[in-house]
Amino acid sequence: MKKLILATPRGFCAGVDRAIHVVEKAVEKFGTPIYVRHEIVHNKFVVETLKSKGVVFVDELNQVPEGSVVIFSAHGVAESIYEEAESRHLKVLDASCPLVLKVHFSAKRHFNAGRHIILIGHAGHAEVIGTLGQLPEGAITLIRNEADAEMVQVPEDKELAYITQTTLSVAETRKIIDALKKRFPHIIGPEAGDLCYATGNRQAAVLELCSKVDMLLVVGAKNSSNSSRLMELGLEQGLPSHLIADVNDLDMSWFNGVETVGLSSGASAPEVLVQGVVDFLKAKVKGLQVENLVKLVENTKFNLPKTLQD
Ligand code: SF4
C-alpha cells in the first residue's frame, strides 16, 4: 500500500451533530441522569462516550422514571411515543433531525389530502418505524426495492404519494421511484426522494473516490443505514469494500496487493475514529502518502431546541 485517500465530505452530518449537542447541553442544563430513548445516533463510540457522562440509554419509555428528562434520537419517533411521554409527565427534548421531521410533515400532508402513501425504506430501521408511526396503521405501505414497487398493492380508490427514508442509496432510490411512476403515472413525490443532503454528498464523494482507489474502507456502525450504503457503493463499483466500526476491525490481509486505499465514514461516525485508522496505517506503512479528495464543502447547521439555546 502506497497511498491513502480520504473522501470529503465524510462523517458527522448536521443532524447527528445537533443530536449529540442536544444530549451534551441537556446534561449541562439539567444534570444527570438524563435518559435517551434508543441510540441517539447509530454509533457505539458516541453512545459509550455519552454513557460515561451519566446519560442512560433505554429501549422504551416505561424504563424512564416519571417526570424525568428524556431525549428522542435523531431518527425520529412515532406519534404514540410523544403521547406516552406526555402521559408519563416526561420532559421531552427532541433530537429528531429536522430533515426527518420534514418527511413526517410530508406524510401528514398527503394523508390529510386523502392520499395513500408509499414509503421507500428499510423495514425495522428506527427512522422507518418513526415515519410509519406518524399515521394510523394502513395509511402507509412500506416498500424496499424495485421488485416491491412492481408488486405493491394499494387502495384503488385513492390518489398516491411516495416518501422515502433519508439515508438510502441515491441510485437505487432513483430506480424504485421510476418503477413506481411507471406503474402509477399520477403518483406524486419529490423527484429524487427525501434523501438528505448528507446522504447525497457522502455518496457523491465516495463515488468519485472509487475511481481512484483499489479498495474502500468506510468507518461506521453495521446498523447505520447511510454507512452501509457507502460501503455498498464501493462494492457496486467493483472494489473490495469493508465497513469497519473502528481501527480494531482492520484485517491486514485486506491490504495484500492493494496500492491505493480510499477511506470515508458514515454520518454518525466521529472523525476521531477515522483518524485512528489513518494513524494506524501511517505507523504500519512507512512513507504512506495521505491525501484528501474534496468533492464539496458542507456548511449546513441546525439550531438546538429553544430550551437548550444559551
Ligand atoms: Fe439528518 Fe441526514 Fe444526518 Fe439523518 S443523515 S441525521 S437525515 S442530516
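Above this text is the structure in question.
Cut-offs used in this document
Residues numbered from 1 in each chain as written. Predicted model: local features only at pLDDT ≥ 70, side-chain atom pairs only at ≥ 80, totals over all residues. Heavy atoms only, no water. 1 Å grid on protein atoms, 1.4 Å probe; cavity = no way out; pocket = protein on both sides within 12 Å on 5 of 7 lines; lining within 4 Å. Points joined across faces, edges and corners; volume = space filled by probe spheres on them. Helix = DSSP H or I, 4+ residues; strand = E, 2+ residues; numbered from the N terminus. Near = heavy atom within 4 Å. Sits in = over half its atoms within 2 Å of the grid points. Nonpolar A, V, L, I, M, F, W, Y, C, P; charged D, E, K, R; others polar. Domains from an automatic or database assignment.

### So, empty space enclosed by the protein
And step 1. Following the criterion strictly, the structure yields one cavity of 30 Å³ or more and no others.
And step 2. Roughly 300 Å³ of volume is contained in the largest cavity.
And step 3. Forming the walls of the largest cavity are 24 residues, and the residues nearest its centre are Cys 13, Val 16, Thr 166, Thr 167 and Asn 226.
And step 4. Those elements that provide at least two residues to the lining of the largest cavity are helix 1 (14-30), helix 4 (98-112), helix 8 (197-210) and helix 9 (225-236).
And step 5. For the lining of the largest cavity, the element with the highest residue contribution is helix 8, accounting for three residues.

### Structural notes on the site of the ligand
And step 1. The full set of residues close to the ligand is Cys 13, Gly 15, Val 16, Cys 97, Leu 99, Val 100, Thr 166, Thr 167, Cys 196 and Tyr 197.
And step 2. A molecule is said to occupy a pocket when more than half its atoms come within 2 Å of that pocket's grid points, and by this definition the ligand occupies the largest cavity.
And step 3. Only helix 1 and helix 4 provide two or more residues apiece to the shell around the ligand.
And step 4. Across the shell around the ligand, the residue classes tally to seven nonpolar, three polar and no charged.
And step 5. There are two domains that each give the shell around the ligand at least three residues, and those are domain 2 (14-97) and domain 3 (99-195).

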